[in-house]
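Structural description and commentary
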Amino acid sequence: MSDQTRPTSNGPLSPDALRLLELLADDAFDVLSIAEREEMDGLLRRVPRLTDEHGRVIERGSMDEAIGALIPVLGASNDKMSGTAGVSTGLPAALRDRLVQQGTTVVAAKYPVVSVAPVAGAAGSSSGGRQNVIGWVGWFAAAAALALAAVLYQSRNAPAASAAERLAMLLREHPETSKYAWAAQAQGPGVSGEVIWNNQLQQGFMRFKGLAANDPKKEQYQTWIFDGGRPEYPVDGGVFDMATGVRDANGDLIVPISAKLAVFKPTLFAVTIEKPGGVVVSDKGRLVTIAKVE
Amino acid sequence: MVREHLPSRREVWNAGATIRLTTMPVTLLQRVARGETAAVAACIDEYGGIVYSLAVRYLRPVGDDVDDAVQEVFTEVWKNADRFKPELGSEAAFISTIARHRLIDRQRRAMSRKRAAVNHSEIRAMVPEVKNATELNDDARRAAEAFGRLDVQEREILWFAIYQGLTQEQIAEAINIPLGTVKTRARRGLMRLREMLGAASAEGVAR
């Protein structure tokens, strides 16, 4: 570790910093008097701001971070404890259903999806459900002045062309971009092609031959990126359908990769079959194809 | 090194074994904030148990509606999903913090409405221990290890205060020690926990 990356330390706490931490701890347990709260607020407003022994600024939420980190641990420990007040702590199924219904409504209202395209050129895909509906409504509203036929034509074809064009542009402008050949697996015996990935740009595409059609109402393909920088968790690369993908001049299916996190050091790309919308946990690994990074 | 790692993963897959193919936990809230409603159910399945468990402990003794509280917590979670920053902490910690604040508010309101008689007799027998650290993910393992390094009296107080949602007066009554001692142990335990987690976090950033 270089000195530049070594965490800095302020050394021992100053008396004011120590006092502020004491007050924040008491505040976390809701035992501050009015005078103590005023004292805490005053210390929090200090300029320059007080820092802890690790050189980090002490903030109002400093204790919350520690408490928040501990709660899941205590919850996990509860499983092993007997006689814990005799209460069941599993989430009841009926409550879960209400939470999902309520959450879906709240999320749809607060985070409206304007553009949904797990596969660029996915016009007409039935896999996006409500999100696609919202996207289409917005799209049509914006294009209201145009002739309907032209709108439909563009919506089907303009995005479809763009994925192949973007791939061609990527390869043209960044010839260092890597390619990794697919190796067919049990759920995709006829699949061949390659992954095209530029780690510096965090951009990539998949080229397929022989990918079987999927019924988007029942299942979708999902891409995963195994990352040496995140060995515990493969990165979700997005979901897609065979029928709505883009074909290039050779008839190959071109699918952009939509990595949900930064990829540090890709080690393996994989495609599985999952339920519509994709999953965060895949139990059986219905593996279609993989591409190892050599 | 990479070559050694990859085949084993594929071999496991091909053998049909159960594999947890999962994105990092942080991505659930990020997906929610992008409007992916499919992530809502996944988030509830991942964290609903801990939120419900907290709600039961904080609110059942004071007679408040646990189900209503859990719905209130998750509504708060959805509305704040876009504020979650994975580099600042785990998703579990983010949701737990929201849950605790919301539950404390409800608990205090319920207690002011009726001077609830809280029976803590069965709590005294509990020993605050944590799961085997090897069974936990990195964030939880660091927290478990830090918690395990606290004095047993500090662990006990933090367990009662943070997980059971008891006030310091209730803890003093339940385990029959002076209120001042509860306050001192709670403060010292939390400060030590914060310091140890801060040190672990700083080391993680530097690696």
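Residues numbered from 1 in each chain as written. Chains lettered and ligands numbered in written order. Predicted model: local features only at pLDDT ≥ 70, side-chain atom pairs only at ≥ 80, totals over all residues. Heavy atoms only, no water.

**Concerning the pairing of strand S4 (residues 203-209) of chain A**
Residues and elements named next belong to chain A.
- S4 sits mainly inside the fold: five of its seven residues count as buried.
- In terms of strand pairing, strand S3 (residues 192-198) meets S4 through seven bridges, oriented antiparallel. Bridged to Val195 within S4 is Met206.
- In this structure, the hairpin formed by S3 and S4 is closed by a connection of four residues, where Gln202 is found at a positive phi of approximately 55°. (Buried < 20%, exposed > 50% of the residue type's maximum accessible area, 1.4 Å probe, protein only. Helix = DSSP H or I, 4+ residues; strand = E, 2+ residues; numbered from the N terminus. Pairing = 2+ DSSP bridges.)

**What about the confidence of the model for chain A?**
Residues and elements named next belong to chain A.
- Mean pLDDT over chain A: 74, with 70% of residues reaching 70 or higher.
- When pLDDT is averaged over each helix and strand of chain A, the minimum, 39, is found for helix H5 (residues 130-142) and the maximum, 95, for strand S1 (residues 178-181).
- In this model, residues 79-88 is a region of pLDDT below 50 whose contacts with residues beyond four sequence positions or in other chains number 17 contacts.
- Here residues 114-161 is a poorly scored stretch, pLDDT under 50, and it has 57 contacts once near neighbours within four places are set aside; other chains count. (pLDDT = per-residue confidence, 0-100. Contact = heavy atoms within 4.5 Å.)

**Thoughts on empty space enclosed by the protein**
- The final tally for this structure, using the stated rule, is three cavities of 30 Å³ or more.
- Lining the largest cavity are 13 residues; nearest its centre among them are Phe29 of chain A together with Arg100, Arg108, Ala161 and Leu166 of chain B.
- It is helix H5 (residues 91-113) of chain B that provides the largest number of residues to the lining of the largest cavity, a total of four residues.
- Of the residues that constitute the lining of the largest cavity, the class distribution is six nonpolar, four polar and three charged. (1 Å grid on protein atoms, 1.4 Å probe; cavity = no way out; pocket = protein on both sides within 12 Å on 5 of 7 lines; lining within 4 Å. Points joined across faces, edges and corners; volume = space filled by probe spheres on them. Nonpolar A, V, L, I, M, F, W, Y, C, P; charged D, E, K, R; others polar.)

**Overview of the packing of aromatic side chains**
Residues and elements named next belong to chain A.
- Following the criterion strictly, the structure yields eight aromatic pairs over all chains and no others.
- Summarising the aromatic geometry, the rings of Tyr221 and Phe240 are spaced 5.4 Å apart at their centres and angled 25° between planes, so their arrangement reads as stacked. Here Tyr221, found in strand S5 (residues 220-227), pairs with Phe240, found in strand S6 (residues 230-240); they are 19 residues apart in sequence, far enough to count as distant. The two residues Tyr221 and Phe240 agree in class, both being buried.
- Feature note: the residues Trp182, Phe208, Tyr221 and Phe240 constitute an aromatic cluster, connected by ring pairs. (Phe/Tyr/Trp six-rings, centres within 6.5 Å; stacked < 30°, edge-to-face > 60°.)

**Quick word on the environment of Leu193 of chain B**
- By the secondary structure assignment, Leu193 of chain B is in helix H9 (residues 179-206).
- Judged by relative accessible area, which is 0%, Leu193 of chain B ranks as buried.
- With 50 residues separating them along the chain, Leu193 of chain B and Ala143 of chain B place their C-alpha atoms 8.0 Å apart.
- For Leu193 of chain B, the contacting residues outside a window of four places in its chain are Ala66 and Leu70 of chain A together with Ala143, Ala146, Phe147 and Leu150 of chain B.

**Some words on helix H7 (residues 152-163) of chain B**
All names here are of chain B.
- Taking 1.5 Å of rise per residue, the twelve residues of H7 would be expected to cover 16 Å, and the 16 Å separating its terminal C-alpha atoms lies within 8% of that figure.
- Most of H7 is tucked away: ten of the twelve residues are buried.
- Inspection of H7 places Glu154, Arg155, Glu156, Ile157, Leu158, Trp159, Phe160, Ala161, Ile162 and Tyr163 among the buried residues, and these make up the whole buried set.
- One or two steps after H7, the chain reaches Gly165, where phi turns positive at roughly 75°. (Expected span 1.5 Å × (residues − 1).)

**Here's the deal with the packing of helix H4 (residues 93-110) of chain A against helix H4 (residues 66-79) of chain B**
- It is at 10 Å that the axes of H4 of chain A and H4 of chain B come closest, and there the two elements cross at 30°. One finds that H4 of chain A runs roughly parallel with respect to H4 of chain B. Crossing of H4 of chain A over H4 of chain B shows right-handed handedness. Taken together, the residues of H4 of chain B that come into contact with H4 of chain A (itself represented by Leu95, Arg98, Leu99, Gln102, Gly103, Val106, Val107 and Lys110 of chain A) are Asp67, Val70, Gln71, Phe74, Thr75, Trp78 and Lys79 of chain B.
- By residue class, the composition of the contact of H4 of chain A with H4 of chain B is seven nonpolar, four polar and four charged. (Axes fitted to C-alpha atoms, helices over the stretch in contact; angles between N-to-C directions. Parallel < 35°, antiparallel > 145°, perpendicular 65-115°, else oblique. Left-handed = near helix turned anticlockwise from the far one by under 90°.)

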